[in-house]
Amino acid sequence: MKRPIAIGLGCDRGTPAATLVWALVEALCSCGAALADVAAVASIDLKADEPGLLELARWQGWTIRFYPAAELATVPVPHPSETVRKYTGTPSVSEAAALLAAGAGMDQLIVEKLRYRGPDGRNATVSIARIPT
C-alpha cells in the first residue's frame, strides 16, 4: 500500500453496485490509487440500507462507516451543494464522509466529488482523502 486512503461514497437511491464500481475505478485512476490502498470507506447513514453500497462493501470485504447528516454538515468541503442539503440534511456526502473517515482536513482531499452517471441513469459520487500517517 502506497499510502492509505479513505473513500467517501454518495449515490442515488437504487444505484446498482456496478455503477458504484465504475465510479470508484474512475476516482482511483484519477489519483493513481488502487483498491489495495483503501483503508476506510464511509457514507451517510441514510444509505446504511442501500443494496448497491452493501454489495460493493461485501465484494471488497469493507466495513462502511455511516455518518449522520448533522456530523457530515460540520465538515468544511470545497463543493457544498444546496441540492444535496435539501435531500439529505447536509451539503456534502462523499467529500465530508471521506474527510471524516480519513480523520483529515480539506488539504488531504485528493479526489473532490467525482460525479459518475451510470448507464442505468443513476448517479454516484466518490471522494478520496489521504489518511494522515
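Residues numbered from 1 in each chain as written. Predicted model: local features only at pLDDT ≥ 70, side-chain atom pairs only at ≥ 80, totals over all residues. Heavy atoms only, no water.

A.B. asks: A description of the sheet that holds strand 3 (residues 64-67) should follow, citing residues and the corresponding values.
C.D. replies: Sheet strands pair via backbone hydrogen bonds, and the direction of the pair is either parallel or antiparallel. What the 5 strands build is an open sheet, ordered 3-2-1-5-4; its pairing is mixed. Strand pairing shows two members of the sheet lacking a second neighbour, strand 3 and strand 4 (109-117), which therefore form its edges. Strand after strand, the sheet turns through a mean of 25° between neighbouring axes, direction not considered. Where strand 1 (residues 5-11) meets strand 2 (residues 38-44), 4 bridges bridge the pair, whose relative direction is parallel. (Pairing = 2+ DSSP bridges. Helix = DSSP H or I, 4+ residues; strand = E, 2+ residues; numbered from the N terminus. Axes fitted to C-alpha atoms, helices over the stretch in contact; angles between N-to-C directions.)

A.B. asks: Would you mind going over the side chain of Ser127 in detail, with residue names and values included?
C.D. replies: Relative to the elements of secondary structure, Ser127 occurs in strand 5 (residues 123-130). A polar contact is formed between the side chain of Ser127 and the backbone nitrogen of Glu95, at a distance of 3.3 Å. In terms of polar contacts, Ser127 uses its side chain to reach the backbone amide nitrogen of Lys113, at 3.0 Å. Not counting chain neighbours up to four residues away, the residues in contact with Ser127 comprise Ala6, Ile7, Gly8, Ser94, Glu95, Ala98, Leu109, Val111, Glu112 and Lys113. (Polar contact = N/O pair within 3.5 Å; in protein donor to acceptor, adjacent residues only side chain to side chain. Contact = heavy atoms within 4.5 Å.)

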